[in-house]
Amino acid sequence: FKANGYNVGVYWKNGVLNILPNMVQTASTGVNAICIDGANIYVGGHQSTDTLNAVLWKNGIPSSRGGHYAYITSITTLNGSLYYTGPDDFNNTHNAATYYKNDVRVVLRDTLNNISQASDIYTSGSDIYATGYINRNGVSLAAYWKNGQLNVLSAMQSSTGNTVVSGKDIYVSGSIIAGTRYAA
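Caption draft 1: Fine view of the side chain of Thr98. Within the element layout of this structure, Thr98 appears in strand β13 (residues 98-101). Owing to a relative accessible area of 0%, Thr98 belongs among the buried residues under this scheme. At a separation of 2.7 Å, a polar atom in the side chain of Thr98 contacts the main-chain carbonyl oxygen of Ala96. When neighbours within four sequence positions are excluded, Thr98 is seen to be in contact with Thr85, Gly86, Asp88, Arg105, Val106, Val107 and Ala118.

Caption draft 2: The arrangement of the pattern of salt bridges in detail. Counted under the stated rule, the structure contains one salt bridge. Notably, a salt bridge pairs Lys146 with Asp127, separated by 4.0 Å at the nearest N-O pair. Here the residue Lys146 occupies a position in strand β17 (residues 139-146), and Asp127 occupies one in strand β16 (residues 127-136), the gap between them amounting to 19 residues. Judged by its relative accessible area of 21%, Asp127 is partly exposed.

What counts, and where the lines are drawn
- Residues numbered from 1 in each chain as written.
- Predicted model: local features only at pLDDT ≥ 70, side-chain atom pairs only at ≥ 80, totals over all residues.
- Heavy atoms only, no water.
- Helix = DSSP H or I, 4+ residues; strand = E, 2+ residues; numbered from the N terminus.
- Buried < 20%, exposed > 50% of the residue type's maximum accessible area, 1.4 Å probe, protein only.
- Polar contact = N/O pair within 3.5 Å; in protein donor to acceptor, adjacent residues only side chain to side chain.
- Contact = heavy atoms within 4.5 Å.
- Salt bridge = Lys/Arg side-chain N within 4 Å of Asp/Glu carboxyl O.

Fair warning: the whole summary comes from geometry, so function is off the table for now.
If you want it as structure tokens, here you go:
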């Protein structure tokens, strides 16, 4: 949806369009995630000014979540706590897989402190799962973190999508590069 030439974040409830207000009227916004917790509607995305900046709307009210070239890709709740994830610049040097719990930043690392990104977050029981990738020797590898512990899913160039946990089974969608084409 565009207003005055700028993209505007929206969501639909039962087919009815809901327009989210921009924090800066001359900036475009994008929305990537939505989560319902009781009567609260959380929507996450970004606002483009000089760089992308993460924005979280709670019941239609926007608030900046900072970060350099940051945006929210996934939102979930657990026991009254709000979790969200997305790329975030680590010490202004490189992307680091990151999630936030009630606005407290948690940086997920591998043992080599490589470039990484978390793109989805999922909770099951008391466990926190974040999925994304780590970059090793210039190759992005699909990975997930369970309670902060890194698990690499593939030694081939790959990426992840969404995560679901059923009992003790962890399901992660994604794709790998097979030859010159992606294979799902």
